[in-house]
Every structure is written in C-alpha cells, then in structure tokens.
Amino acid sequence: MKILVEAPLNSLSLGNVSFNIIRELLGRGHDVGIWPTGKIDLKAYDIDDDLKKKIENSINNRYNYLSSDIPSLKIWHLNGSENRKNSNQYLLTFYECNQPTDIEKKISSSQTQTFFSSSCASELFGDVFCPLGFDKDFKETGKEYLSGITHFGLMGKFEHRKHTAKIIQTWLKKYGNDPKYQLSCLVTNPFYKKEDMDATINAVLGGERYTNINFLPHLEKNSEVNEFLNAIDIDLTGLSGAEGWNLPAFNATCLGKWSIVLNATSHKDWATKDNSILVEPSGEVDCYDEVFFKKGSPFNQGTFYDWNEEDVINAMEQAEKKVGQVNTEGQKLADKLTYENTVDVILARISKDFDLA
C-alpha cells in the first residue's frame, strides 16, 4: 500500500508522534512517501542505519506520491490543515480547547476523515478518536538516582495552558528549601527568547533562591529524556489544564512512576484512579494568554480546567506514600496503548476508501 505522510520530524511532541507512526508504517512494509513539515531534525532519535535509509528514501521520493489514487495522512494542528497534498487527506490532529470555532469545524469536516488524539475533542467535532501510544524507545533503566530524596519532575514547555507557574509555586510552598525533596523542571519553551525565559522563571520564583529546585536545558535526545523520566519518583506534568494526550505524564506512568493528573480532557483516555493520583478540576479559566491563545482568533477558543492548590498539595502527600512502590497498573498502559494500535485505527478507516493489501 502506498501512502503519503505529511508531518513534522523533530524533537517536539508532534515530531515524536509523527516519527513513531512513520516507523510503524515502514515496519509493516508499507510504501511510504514522507513530506516533512518544517525543518527535519532526527537527532532526538537513536535509529539504526536501515530505518534512517528508509526515511531518507521516503523523503527524497515524496513527489512520486502526489496522486489522487494515494491516500495522504497529515499530522498537524487544525490551523494549516486546510492545505493538502492529495485529494484524499486523513488528518490526525490535537485539540486542547473546548469551544470549536466555525473555521475549525469547517477544516475538520473538509478532510476525508479527521482523527483526534482525545475522546473529548472527537466528541466535540463528531469525528474519530485515535489514541496515541507508548514510545518503545523509552525503557526503565533500573538505576538509583537520588538516594534518600523524593524527586519530583515537571516536563513540557512553559505555558499558561499547562499551569507551569502555578505547579512550581505550589510545590515550592510545600517543599521549598527542604533538602529531603527535589523538583527538576524541563520546561523550556522554544518559542521564547532566552532572556524572556530567564525572566519568566525568575518571576515564578519571586526573585528568591531555592536550594532544591533545578531547571534543565532543552534535552535534544529521547535517550536523555528517558533518563529524566527514570530519575524522578513523582510526575507533576499531568496537572496541565488541557491536553491532546500529554506524552510526558503518560510516558512517566508507563515507566512505573506516579503521576499526579488532573482528571480532565485527554487525561481521561489513559489516567485512572488505579494508575494515577487523580485531582478533580475546581473550575475553568480562560485559555487566552495572548501568545499562543488569542481571544477572538479563528482558532483555539474557550477555557482550560483549573485546580485548587490544597487539592494538589494533598495529592503530593498521597504520592509521597507511594514512593518506592512500582506503579504496576501504569506499566500495563505500555502494552495496552501502543503506536501499533494508533496505526490500526488510522488504517482501518483508510481501508474503507483504498485497497491496503
């Protein structure tokens, strides 16, 4: 079967999803043409020469896949997905808000089929839910990292949507300068200038110095991210107010770590009371930050879910009691939710229109 995949290949979340789907398609022997979105950056991935050669050939021969007889899978945001390479375009997209605009609905309905990575979004648009999977490059290392210290982790670009500042400030209120606890933050935002990022972090800390919080630079390789996830005991990334999946919190849970997760949006598709420490939303806040979410824009309108500080501190205390216990229910997610399953969902729909034999 021939298929054209138009997608980003980089170290960001969309790039990771795209890489795993492309790897699965190539691994099944499908004839794939790859049309990269933006700059190609594969240094995040430890890939063998055979896969690297296949990807390069797929990119170099991409023009051969421009045909109405070939399905096109696009992996991208709704904004920009009105453009297509082939007449039959199947879109895998990621929606985080809750008030679809007319333009977003039109773009979604104009696709041959739209797949959303969260069931909440698929219900809002009336389209197909396509869950993401655990990246098989992430593995438990079995190493001991910080003996005698309870290690919290926060990952994902610094953003209003993710409640980054609120999470850090809540943690500092509970554990700041206590040597028995540490918080490692991997929260650089590639859309911020360095001086703006430094100023943002300084504002979050209130100009104070804390001995038990550290901010890591961007990690270029997934193997480094794997070390980060293995080094922590408790993940706080799941406290984001809106997600299309939340790969860091999901991956940490699959690795047997304990994630504190807001019980809302896409988190409901994988986080349960058995594999996560759930926090119920306290209400909603406007999504607008006038940077990534602008009021009145034809895209990304609505609200994000919020949480009470007291509830999160209580969840942190619950998580402390679980440190040293492997999250076996979380580990089961790695076998249940895979990119093999993701590709199965996509190809099952495409097979209604094309012969995939």
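Above this text sits the structure in question.
Residues numbered from 1 in each chain as written. Predicted model: local features only at pLDDT ≥ 70, side-chain atom pairs only at ≥ 80, totals over all residues. Heavy atoms only, no water.

1. Section: the packing of helix α1 (residues 13–27) against helix α2 (residues 49–60)
At a minimum axis separation of 11 Å, α1 and α2 run at an interaxial angle of 100°. It follows from the interaxial angle that α1 and α2 lie roughly perpendicular. Together, Phe 19, Arg 23 and Leu 26 of α1 and Leu 51, Lys 54, Ile 55 and Ser 58 of α2 make up the contact between the two elements. Residue composition of the contact of α1 with α2, by class: four nonpolar, one polar and two charged. (Axes fitted to C-alpha atoms, helices over the stretch in contact; angles between N-to-C directions. Helix = DSSP H or I, 4+ residues; strand = E, 2+ residues; numbered from the N terminus. Parallel < 35°, antiparallel > 145°, perpendicular 65-115°, else oblique. Contact = heavy atoms within 4.5 Å. Nonpolar A, V, L, I, M, F, W, Y, C, P; charged D, E, K, R; others polar.)

2. Topic: the nonpolar core
Formed by 54 residues in total, the largest nonpolar core has its most connected members in Ile 21, Leu 73, Leu 92 and Trp 270. For this core, the element with the most residues is α1, which contributes seven residues. Within the second largest apolar cluster, 30 residues are counted, among which are Ile 168, Tyr 175, Met 197 and Met 316. (Core = buried A, V, L, I, M, F, W, Y, C linked by side-chain atoms within 4.5 Å. Buried < 20%, exposed > 50% of the residue type's maximum accessible area, 1.4 Å probe, protein only.)

3. What about unusual backbone geometry?
You will see that Asn 246, though not glycine, has its phi angle at about 80°, which is positive. With respect to the helices, strands and loops of the structure, Asn 246 is situated in the loop between β10 (234–235) and α8 (247–254). With relative accessibility at 2%, the residue Asn 246 sits in the buried group. With a phi angle near 60°, Glu 290 is a residue other than glycine that sits in the positive phi range. Counting through the fold element by element, Glu 290 comes out in the loop between β13 (283–286) and β14 (303–306). Overall, Glu 290 belongs to the partly exposed group, its relative accessible area being 49%.

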